[in-house]
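# An overview of the molecular structure
Here are the chains, one letter per residue:
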Protein chains: 2
Amino acid sequence: MSKGITSRGTDYSQWYNELVVKADLAEHSAVRGCMVIKPYGYAIWEKMQAALDKMFKDTGHSNAYFPLFIPKSFFSKEASHVEGFATECAVVTHYRLKNDGSGQIVVDEEAKLEEELIVRPTSETIIWNTYKGWIESYRDLPILVNQWANVVRWEMRTRLFLRTAEFLWQEGHTAHATREEAIEETERMLGVYADFAENWMALPVIRGRKTENERFAGALDTLCIEALMQDGKALQAGTSHFLGQNFAKAFDVKFTARDGKLDYVWATSWGVSTRLMGALIMAHSDDQGLVLPPKLAPIQVVIVPIYKTDEERQRIGELADNLLADLKAMGITVKYDDRDTHRPGFKFAEWELKGVPVRIAVGTRDMQQGTVEIARRDTQAKETVPQQGLALRVAELLEDIQRSIYDKARDFREAHTTTVDSYEEFKRVLEEKGGFVAAHWDGTVETEQLIKEETKATIRCIPLDNKEEHGVCVRTGKPSKQRVLFAKAY
Amino acid sequence: MSKGITSRGTDYSQWYNELVVKADLAEHSAVRGCMVIKPYGYAIWEKMQAALDKMFKDTGHSNAYFPLFIPKSFFSKEASHVEGFATECAVVTHYRLKNDGSGQIVVDEEAKLEEELIVRPTSETIIWNTYKGWIESYRDLPILVNQWANVVRWEMRTRLFLRTAEFLWQEGHTAHATREEAIEETERMLGVYADFAENWMALPVIRGRKTENERFAGALDTLCIEALMQDGKALQAGTSHFLGQNFAKAFDVKFTARDGKLDYVWATSWGVSTRLMGALIMAHSDDQGLVLPPKLAPIQVVIVPIYKTDEERQRIGELADNLLADLKAMGITVKYDDRDTHRPGFKFAEWELKGVPVRIAVGTRDMQQGTVEIARRDTQAKETVPQQGLALRVAELLEDIQRSIYDKARDFREAHTTTVDSYEEFKRVLEEKGGFVAAHWDGTVETEQLIKEETKATIRCIPLDNKEEHGVCVRTGKPSKQRVLFAKAY
């Protein structure tokens, strides 16, 4: 098959856009900014969901579902939240259409809502309005709830998975009796996200804290995981917010503590979205197509028969049947591609494009010699191996690929993390090499803004494992106690 | 705990409303007509989703995701569809809010959409508009896609789960090369729904066909499963539609057939929703609370210790640990309720209210005698049994409960299905006994409407296994070839 994907070197952005469409992951819909997630892309998202959902449940959380719509007035209740979220939103104003008599469908102006409804951009407000009815005493706490849902933010410039008007996500919303417990939860969930990114997505991440400027609207503290893409740009892959008592105060949610005193409830929220699909694609894939970590690949192994006669086809089919059974018994997802409408070369290219981690080809000579050809997608390495013991070998290979992809991404990140001590160097590294730049910063919003305007780099995070190190801000020369990580970002 | 649920005999409708809230399944939200599905209710829905999703995949379907919003003009493309769906809908007209300067959040009138967007009430239009890009030849068919999503229909009178403005559902949308294949798919999916209702929900259903009057807007044929609730009213539990070429024509989706000819694609759609939660609750529960079939119960077994001293508590706890391990090893979901904030009687009532199928109580005397008390929720029967071999006994009991609940509902339905031959009898049965009434009908929409106006009963379906039987319409005396099932319905 003709892939014709622009190479990363030619135009990374174009490569990404083409790959998402050509690998059948997603496409633009007829509605501006909204995407269609195609079956192959959705299968990856389902694997992500399943892994995350299990992690959430293993840490004591339950799922629930809250309304899609939020009354407009709710957004005015938390002052900083409204600035961050209640601007670019889809607004429902009417609840009826009618036929205008000439066959045209028009909005029925008489069916106007008394109060406009906002399609949720995030659910803190509607959820804390609900929690008010759930919480009376410390016995009702903690509430550890997650929601899988669609949300809408009216983005003007959209890109499939990375920035879409509607996207899918999960949002955890927890309520606690103490500040300490809420902070602990915020950190625990960041840990879950980092674990998922590294062990499932094979994506090394920096665990850090956002600066005040980059914090979630309404949070006292925002923790995040940041990953590096192959073009040297950073991508925020998940956030976990300590909300303090802000939403409890906004929605008047108090509880009677053990000591009988009334206090406002402490909150966290945390989320990851279909944006992770973008991160997954950009971190690992190459000019031939997707490279997927085996743990998230919808198809882990594909077997392609190469035959000339019907008899050969049948004999290879018998071998494949056994192999399929062996692999399935080991929990491996495998597809036998015996379509007679396409030639082997076409199939090889198609599964390469779709990132199937392991390809097994079986031809006439293989049948004579008791071998198969096995190819790994990530390194493109091929070898001829015995049919005997193949399932075990494939299982080991899948583990090796999962590890190798991670290592490669980690090595890339390490090679693209630069410590700089002057603004000249800062700008040069950003320009020539990209990646994370570890630099001293004076801690002010003003300097952060200035650097962003001058270089397009933002502070991705203050790493949680940062060491205290005295120095001077690369931009202002003012004193600094630690380095922070800058990068251009998605 | 004080349950204080109205009894079914006193007011069935009130009983349902109270039970849904008191058993922590769902509640009304601040947004008119939209519900909050609470963790306990959502856990049941998740079990339903998991079982259905597996059935869909086992029959060759994949999941995908399409936009929440549908351009208004799409609804004008399929003439009968628009009448059925494009009336009571949430309409998005603007995409921005702003601060009016005085701190009030108002809709930014300058940010008006060129074309209004409808929040999907169902997705045939946006999906067929998408399929146009996916289908060129017979090689691209069939497309077997399902979507799990939220939809909005602006209902004026709402009830938790049964009729809400926003609800959760799945909608399958398939595309086929031939009429026969599409009809086969329509029937296959009705079979999946019936299988799920009967084997998971323990809900006996009638498989049938809707009359023209009750057909899905845009379908050539609507198949359905109909269940009977304890108040003698019917509830439509799932529908599967043969859409013919209607949507393919509306969105110009043609394909090249094997013989080289161009033809429009054949379609089906099928769906079940959170309405099934209402059916589940109403079919089995009693005046003490929920009765859940073990296969869908979030907690299948609860163990309640009864102790006076800390030493007793510890000894019972050790027994419980072993029992928990044994039950979990058998795949049974079990909770050990050793809260010291509540007394055993309170716990018994709480788990009864929440429909946990099996309760095991362990007291001091049990510990001396090597026994436990085991109680089944459905019949309230209790017995004292040996601790030895308990896990196996519990597993068998769960199977027995699943079967018994089904049998009870089937017996109820059989006792409430009446064959009548006169309109007097028809009205009397509906009035005094309720349930399904099998009667002859002359086959016209007019008579169906007349009967509905006079009795509030509608034709629930023409059963698929109907025998030909000559008779005369109970209302008009005109000739009829078969009986159809009437009932008052949800």
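Residues numbered from 1 in each chain as written. Chains lettered and ligands numbered in written order. Predicted model: local features only at pLDDT ≥ 70, side-chain atom pairs only at ≥ 80, totals over all residues. Heavy atoms only, no water.

Spelled out, the test is: UniProt positions are given in the numbering used here, feature names are shortened, and annotations may be inferred rather than shown by experiment.
Under an unreviewed UniProt entry, chain A has the name Proline--tRNA ligase and belongs to Parapedobacter composti. Taken directly from UniProt, the Catalytic activity (unreviewed entry) text for chain A runs: "tRNA(Pro) + L-proline + ATP = L-prolyl-tRNA(Pro) + AMP + diphosphate". The UniProt entry for chain A carries the following comment under Function (unreviewed entry): "Catalyzes the attachment of proline to tRNA(Pro) in a two-step reaction: proline is first activated by ATP to form Pro-AMP and then transferred to the acceptor end of tRNA(Pro)."

## Quick look at the nonpolar core
Heads up, the condition is: Here the nonpolar core consists of buried residues drawn from Ala, Val, Leu, Ile, Met, Phe, Trp, Tyr and Cys, with membership extended through side-chain atoms lying within 4.5 Å. Buried, partly exposed and exposed residues are distinguished by accessible area as a fraction of the type maximum, computed with a 1.4 Å probe on protein chains only: under 20%, between the cut-offs, and over 50%, respectively. Helix and strand labels come from DSSP, where a helix needs a run of H or I of at least four residues and a strand needs a run of E of at least two; each type is numbered from the N terminus. Contacts are assigned to residue pairs that have any heavy atoms within 4.5 Å of one another.
Grouped together as the largest cluster of nonpolar side chains are 98 residues, with contacts concentrated most on Phe69 of chain A together with Phe69 of chain B. At five residues, helix α4 (residues 124–134) of chain A tops the list of elements feeding residues into this core. In this structure phenylalanine 69 of chain A touches Val92, Leu117, Ile118, Val119 and Ile126 of chain A together with Val31, Cys34, Ala90, Val119, Val152 and Trp154 of chain B, once residues within four positions along its chain are discounted.

## Concerning α4 of chain A
Within α4 of chain A, eight of the 11 residues are buried, leaving the element largely enclosed by the surrounding structure. All of the buried residues along α4 of chain A are Glu124, Thr125, Ile126, Ile127, Trp128, Thr130, Tyr131 and Trp134 of chain A.

## Notes on the sheet that holds strand β4 (residues 69–71) of chain B
The strands making up a sheet are joined through hydrogen bonds of the backbone, oriented either antiparallel or parallel. Here is the rule we go by: For two strands to count as paired, DSSP must find a minimum of two bridges between them. Between N-to-C directions, angles cover 0 to 180 degrees, with each direction set by a line fitted to C-alpha atoms, over the stretch in contact for helices.
What the six strands build is an open sheet, ordered β4(A)-β8(A)-β5(A)-β5(B)-β8(B)-β4(B); its pairing is antiparallel. What marks the edges here is a single partner per strand, and that holds for β4 (69–71) of chain A together with β4 of chain B. Pairs of neighbouring strands in the sheet enclose a mean axial angle of 45°, with direction left out of account. Relative to strand β5 (residues 91–94) of chain B, strand β5 (residues 91–94) of chain A runs antiparallel, the two being bridged by three bridges. Each bridged residue has a counterpart across the sheet, and for valine 92 of chain A the counterpart in β5 of chain B is valine 92 of chain B.

## Remarks on the relation of the copies chain B and chain A
Definition in use: Each copy is superposed on the other by least squares, with the fit set by C-alpha atoms of residues at a pLDDT of at least 70 in both.
In screw terms, the move from chain B to chain A is a rotation of 180° and a rise of 0.0 Å along the axis, fitting with an RMSD of 0.0 Å. Such a turn and shift between the copies fits a two-fold axis. Taking C-alpha positions as reference, the residue of chain B nearest the rotation axis is valine 92 of chain B, located at 2.1 Å.

## Quick look at the sheet that holds strand β3 (residues 62–63) of chain B
Residues and elements named next belong to chain B. If you walk across this open sheet you meet the 11 strands as β3-β9-β10-β16-β13-β12-β11-β24-β27-β23-β22, and the pairing is mixed. In the strand order of this sheet, the two ends are held by β3 and β22 (417–419), each with one partner. Strand direction decides the pairing type here: strand β11 (residues 206–209) and strand β24 (residues 458–463), joined by two bridges, are antiparallel. Directly across from arginine 209, in β24, lies its bridge partner isoleucine 462. Lying over the sheet, helix α2 (residues 39–58) contacts β3, β9 (143–152), β10 (166–176) and β16 (266–273), oriented at roughly 160° with respect to β9.

## A look at the layout of surface pockets
What counts here: A pocket here means an open set of points on a 1 Å grid, computed over the protein atoms alone, that has protein on both sides within 12 Å along at least five of seven lines. A cavity is instead a set of points where a 1.4 Å probe fits but cannot get out; residues with an atom within 4 Å of a point line either one. Grid points are joined across faces, edges and corners, and a volume is the space filled by probe spheres set on the points. Throughout this entry, Asp, Glu, Lys and Arg are counted as charged residues, while Ala, Val, Leu, Ile, Met, Phe, Trp, Tyr, Cys and Pro are counted as nonpolar. The remaining residues, Gly among them, count as polar.
Empty space within the largest pocket amounts to approximately 2,100 Å³. Along the walls of the largest pocket sit 47 residues, with Ser62 of chain A together with Pro39, Tyr40, Lys335 and Lys354 of chain B positioned nearest its centre. Breaking the lining of the largest pocket down by element, the ones donating at least two residues are β3 (62–63), α4 and β9 (143–152) of chain A together with α1 (12–22), α2, β18 (334–336) and α9 (344–353) of chain B. When residues of the lining of the largest pocket are assigned to their parent elements, the largest contribution, seven residues, is made by α2 of chain B. Its residues placed into classes, the lining of the largest pocket shows 21 nonpolar, eight polar and 18 charged.

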